[in-house]
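Examination of the molecular architecture
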Amino acid sequence: MEQSCFIHTHESAAHECSQCGHGYCVDCLHIVDHQAVCRNCIHRFRVPSENEAIASILISSIVAAIAVALNSSEFINFIQTIWG
Ligand SMILES: [Zn+2]
Ligand SMILES: [Zn+2]
């Protein structure tokens with residue numbers, strides 16, 4: 001029995017998503033770390049890119065530098081309030 005794509009029911013499934021296990025056609029699948037991942041799962045499967053990681057480190061360093069410069073615990077509380 002041939003499985004059809006979970007989204008395009010008229011298309012035959014090329015592979016199963018390694019995350020949700022549904023079958024998908026080639027248009028719906030992405031290869032991440034040598035695994036087939038569907039478009040629905042790729043968002044939660046995707047790891048932050050190097051640039052995003054560097055950006056977040058930069059922002060935390062800048063915030064820390066400002067906090068030290070101001071030597072203010074109120075400022076740290078303020079930032080924590082904004083960032084949750
Ligand atoms: Zn999936
Ligand atoms: Zn499809």
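Residues numbered from 1 in each chain as written. Chains lettered and ligands numbered in written order. Predicted model: local features only at pLDDT ≥ 70, side-chain atom pairs only at ≥ 80, totals over all residues.

1. Let's talk about the overall build of the chain
Check the secondary structure of the chain and you find three helices and four strands. Traced from its N-terminal end to its C-terminal end, the chain shows the element sequence β-β-β-β-α-α-α. Against the 2.2 N^0.38 benchmark of 12 Å for 84 residues, the chain shows a C-alpha radius of gyration of 22 Å, more extended than a compact globule. For the chain, the spread of C-alpha atoms along the three principal axes comes to 70 × 20 × 15 Å. The buried share among the 84 residues of the chain stands at 12%. Look at the contacts in the chain between residues 6 or more apart in sequence, and 3% of them connect residues 24 or more apart. (Helix = DSSP H or I, 4+ residues; strand = E, 2+ residues; numbered from the N terminus. Rg over C-alpha atoms; globule rule 2.2 N^0.38 Å. Buried ≥ 20, exposed ≤ 12 C-beta atoms within 10 Å, placed from the backbone. Contact = placed C-beta atoms within 7 Å.)

2. Things to note about the environment of Gln-19
Structurally, the position occupied by Gln-19 is in the loop between strand 1 (15-16) and strand 2 (23-24). Residues Gln-19 and Ile-59, spaced 40 residues apart in sequence, show a C-alpha to C-alpha distance of 32 Å.

3. Here we look at unusual backbone geometry
Phi is positive for Asp-33, which is not a glycine, with a value near 50°. Its place among the elements puts Asp-33 in the loop between strand 3 (29-32) and strand 4 (35-38). Residue classification places Asp-33 among the exposed residues on the basis of 8 C-beta atoms within 10 Å. A positive phi angle is found at His-34, which is not glycine, with a value near 65°. You can see His-34 is positioned in the loop between strand 3 and strand 4. Here His-34 falls in the exposed class, since 6 other C-beta atoms lie within 10 Å of it.

4. Remarks on the nonpolar core
Among the nonpolar cores identified, the biggest contains nine residues, and these are Cys-5, Ala-13, Cys-17, Tyr-24, Cys-28, Leu-29, Val-37, Cys-38 and Cys-41. Non-local contacts of Cys-41, meaning those with residues more than four positions away in its chain, are made with Cys-17, Gln-19 and Cys-20. (Core = buried A, V, L, I, M, F, W, Y, C linked by C-beta atoms within 7 Å.)

5. Description of the confidence of the model for the chain
On average, residues of the chain score 85 in pLDDT, and 93% of them reach the 70 mark or higher. Here helix 2 (residues 50-70) stands out as the element of the chain with the lowest mean pLDDT, 80, in contrast to strand 2, whose mean of 96 is the highest. (pLDDT = per-residue confidence, 0-100.)

6. Notes on the pairing of strand 3
Where strand 3 lies against strand 4, four bridges are found, and the strand directions are antiparallel. Within strand 4, the position partnered with Leu-29 by the bridge is Cys-38. Between the antiparallel neighbours strand 3 and strand 4 lie two residues, among them Asp-33 with a positive phi of about 50°. (Pairing = 2+ DSSP bridges.)

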